[in-house]
Amino acid sequence: MAASYAVGSQSKDEQPQHQLIGVQYKKLPAVNVPIIADGAVKGYIVAQMVFTADADTLRTLSVPADAFIRDEAFRYMYSDTRIDFANLSRYNVNQMIADVRSNVNKRLGAAVVKEILLEGINFVDKADIRP
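Predicted model only: the values in this text are computed from it and were never measured. (Residues numbered from 1 in each chain as written. Predicted model: local features only at pLDDT ≥ 70, side-chain atom pairs only at ≥ 80, totals over all residues. Heavy atoms only, no water.)

1. Here we look at the confidence of the model for the protein
Argument step 1. Per-residue confidence for the protein gives a mean pLDDT of 81, with 79% of residues at or over 70.
Argument step 2. In the model, residues 1-20 has pLDDT below 50 throughout and makes 20 contacts with residues more than four positions away in sequence or in other chains. (pLDDT = per-residue confidence, 0-100. Contact = heavy atoms within 4.5 Å.)

2. Notes on the packing of aromatic side chains
Argument step 1. Tallying each qualifying case throughout the model produces one aromatic pair.
Argument step 2. An angle of 10° between the planes, with centres 5.7 Å apart, marks the rings of Phe74 and Tyr78 as stacked. Note that Phe74 and Tyr78 are positioned in helix α2 (residues 65-79) at a spacing of four residues, about one turn of the helix.
Argument step 3. Residue class for Tyr78 comes out partly exposed when judged on its relative accessible area of 45%. (Phe/Tyr/Trp six-rings, centres within 6.5 Å; stacked < 30°, edge-to-face > 60°. Helix = DSSP H or I, 4+ residues; strand = E, 2+ residues; numbered from the N terminus. Buried < 20%, exposed > 50% of the residue type's maximum accessible area, 1.4 Å probe, protein only.)

3. Here's the deal with the environment of Leu108
Argument step 1. Inspection of the secondary structure puts Leu108 in helix α3 (residues 93-108).
Argument step 2. Along the sequence, Leu108 and Leu61 sit 47 residues apart, while their C-alpha atoms lie 8.5 Å from each other.
Argument step 3. For Leu108, the residues in contact, after removing those within four places along its chain, are Leu61, Ala65 and Phe68.

4. Thoughts on α3
For the α-helix, the turn length of 3.6 residues means that residues three or four positions removed from each other point alike.
Argument step 1. With 16 residues, α3 extends 22 Å from end C-alpha to end C-alpha; this agrees with the ideal 22 Å at 1.5 Å per step.
Argument step 2. Buried residues of α3: Met96, Ile97, Val100, Val104, Asn105 and Leu108, and no others. For α3, the angular spread of the buried residues around the axis is 155°, confining them to a single face. Away from the buried face of α3 by more than 90 degrees, exposed residues Asn94 and Lys106 are located.
Argument step 3. Against α2 and β6 (113-125) lie the buried residues of α3.
Argument step 4. Once α3 ends, the next one or two residues include Gly109, with phi positive near 80°. (Expected span 1.5 Å × (residues − 1). Arc of directions from axis to C-beta.)

5. Let's talk about the side chain of Asp54
Argument step 1. Note on placement: Asp54 falls in strand β5 (residues 40-54).
Argument step 2. Here Asp54 occupies a buried position and makes no salt bridge, while the nearest side chain of opposite charge, Lys114, is found at 6.6 Å.
Argument step 3. Here the side chain of Asp54 touches Asp56 through a polar contact of 3.3 Å, landing on its backbone nitrogen.
Argument step 4. Within the local environment of Asp54, its side chain forms a polar contact with the side chain of Thr57, the two groups lying 2.8 Å apart. (Lys, Arg positive; Asp, Glu negative; His and termini not counted. Salt bridge = Lys/Arg side-chain N within 4 Å of Asp/Glu carboxyl O. Polar contact = N/O pair within 3.5 Å; in protein donor to acceptor, adjacent residues only side chain to side chain.)

The structure is reproduced here in structure tokens:
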């Protein structure tokens, strides 16, 4: 988001132009990650995230940053053997978010993603899913 504003009562031609570079806040679709143990799907981690990034930079990307964030989050949770699906409250989400942001920015070749915010993370047992 960009905005211009004028200071004082100068004429339009004399007004200094200041551009404020905006940060875009974007909510992502939920990431659903199957948790496999003992050769079977035990359930799913469902994570809801939002991220912030410079709006101008996001417009220049050929592939939306959303796709990279969801991909990195999925890969991280799917491959992380430290996840205790029966007790997610003990999981280090701060480390996960920092690693996901760092990996996304590496893949994009610049510090595009400023923050990733975790709105919620839940484990849904396979037995609780209706067919």
